[in-house]
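The primary structure of each chain is shown beneath.
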Amino acid sequence: MPRVAIKKKDYKQSDLSAYIAGRMYAMRIKQADMADELNISQPAFCNRLANGYFTYKDMLTIFKKLGTTDEEILKLMKL
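Quick caveat: nothing in here was measured; it's all calculated off a predicted structure. (Residues numbered from 1 in each chain as written. Predicted model: local features only at pLDDT ≥ 70, side-chain atom pairs only at ≥ 80, totals over all residues. Heavy atoms only, no water.)

**With respect to the overall build of the chain**
No. 1: Looking only at helices and strands, the chain features five helices and zero strands.
No. 2: Going residue by residue from the N terminus, the α and β elements of the chain occur as α-α-α-α-α.
No. 3: Among the 79 residues that make up the chain, the fraction classed as buried is 29%.
No. 4: Contacts in the chain between residues far apart in sequence, at least 24 positions, make up 60% of those at least 6 positions apart.
No. 5: As displayed, the chain has an accessible area near 5,800 Å², and 58% of this comes from carbon and sulfur atoms. (Helix = DSSP H or I, 4+ residues; strand = E, 2+ residues; numbered from the N terminus. Buried < 20%, exposed > 50% of the residue type's maximum accessible area, 1.4 Å probe, protein only. Contact = heavy atoms within 4.5 Å. Areas by Shrake-Rupley, 256 points an atom, 1.4 Å probe, with all protein chains shown as cover.)

**Regarding the confidence of the model for the chain**
Regions with low pLDDT should not have their predicted coordinates read in detail.
No. 1: Residues with a pLDDT of 70 or more make up 85% of the chain, whose mean pLDDT is 87.
No. 2: Within the chain, helix α2 (residues 31-38) carries the highest mean pLDDT (95), whereas helix α1 (residues 8-27) carries the lowest (84). (pLDDT = per-residue confidence, 0-100.)

**What about the packing of α2 against helix α4 (residues 56-66)?**
No. 1: One can describe the packing of α2 onto α4 by two numbers: an axis separation of 10 Å at closest approach and a directional angle of 130 degrees. Comparing their axes, α4 and α2 come out oblique. Taken as a pair, α2 and α4 cross one another with a handedness that is right-handed. Residue-level inspection shows M34, E37 and L38 of α2 in contact with α4, the latter providing D58, T61, I62, K65 and L66.
No. 2: By residue class, the composition of the contact of α2 with α4 is four nonpolar, one polar and three charged. (Axes fitted to C-alpha atoms, helices over the stretch in contact; angles between N-to-C directions. Parallel < 35°, antiparallel > 145°, perpendicular 65-115°, else oblique. Left-handed = near helix turned anticlockwise from the far one by under 90°. Nonpolar A, V, L, I, M, F, W, Y, C, P; charged D, E, K, R; others polar.)

**Looking at the nonpolar core**
No. 1: Counting 17 residues, the largest nonpolar core has I20, M34, F45, F54, I62 and L66 as the members making the most contacts within it.
No. 2: Within the residue set of this core, elements represented by two or more residues are α1, α2, α3 (42-51) and α4.
No. 3: Sequence-distant contacts of F54, defined by excluding residues within four places in its chain, comprise L16, I20, F45, R48, L49, M59 and I62. (Core = buried A, V, L, I, M, F, W, Y, C linked by side-chain atoms within 4.5 Å.)

**Considering the packing of α2 against α3**
No. 1: It is at 8 Å that the axes of α2 and α3 come closest, and there the two elements cross at 95 degrees. Overall, the two elements α2 and α3 adopt an arrangement that is roughly perpendicular. Within the contact between the two elements, α2 uses Q31, A32, M34, A35 and L38 and α3 uses Q42, F45, C46 and L49.

**Describing the pattern of salt bridges**
No. 1: In the structure shown here, the tally under the stated rule is three salt bridges.
No. 2: With its nearest N and O atoms 3.9 Å apart, the salt bridge here joins R23 to E72. Of the two residues, R23 is situated in helix α1 and E72 in helix α5 (residues 70-77); the sequence distance between them amounts to 49 residues.
No. 3: Residues K65 and E37 are paired through a salt bridge, measuring 3.7 Å at the closest nitrogen-oxygen approach. With K65 in helix α4 and E37 in helix α2, this pair connects stretches of sequence that are 28 residues apart. (Salt bridge = Lys/Arg side-chain N within 4 Å of Asp/Glu carboxyl O.)

This is the structure in structure tokens:
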């Protein structure tokens, strides 16, 4: 079923979570390592990853750690 514009924000959150999880897997970065970078616990990071709720500061740290390009950031963040 095609994505509906009404739920675009929800889809963007799930796309962000999938991107982060996929990049972490490819780079062999554990959730505990990423949680340490964000100064939070591993269960807290897992919860944020599942819900797709990150602060701006968190996203800057995550994108830097994952080596995300500007084009990828724009694609992920554009509504």
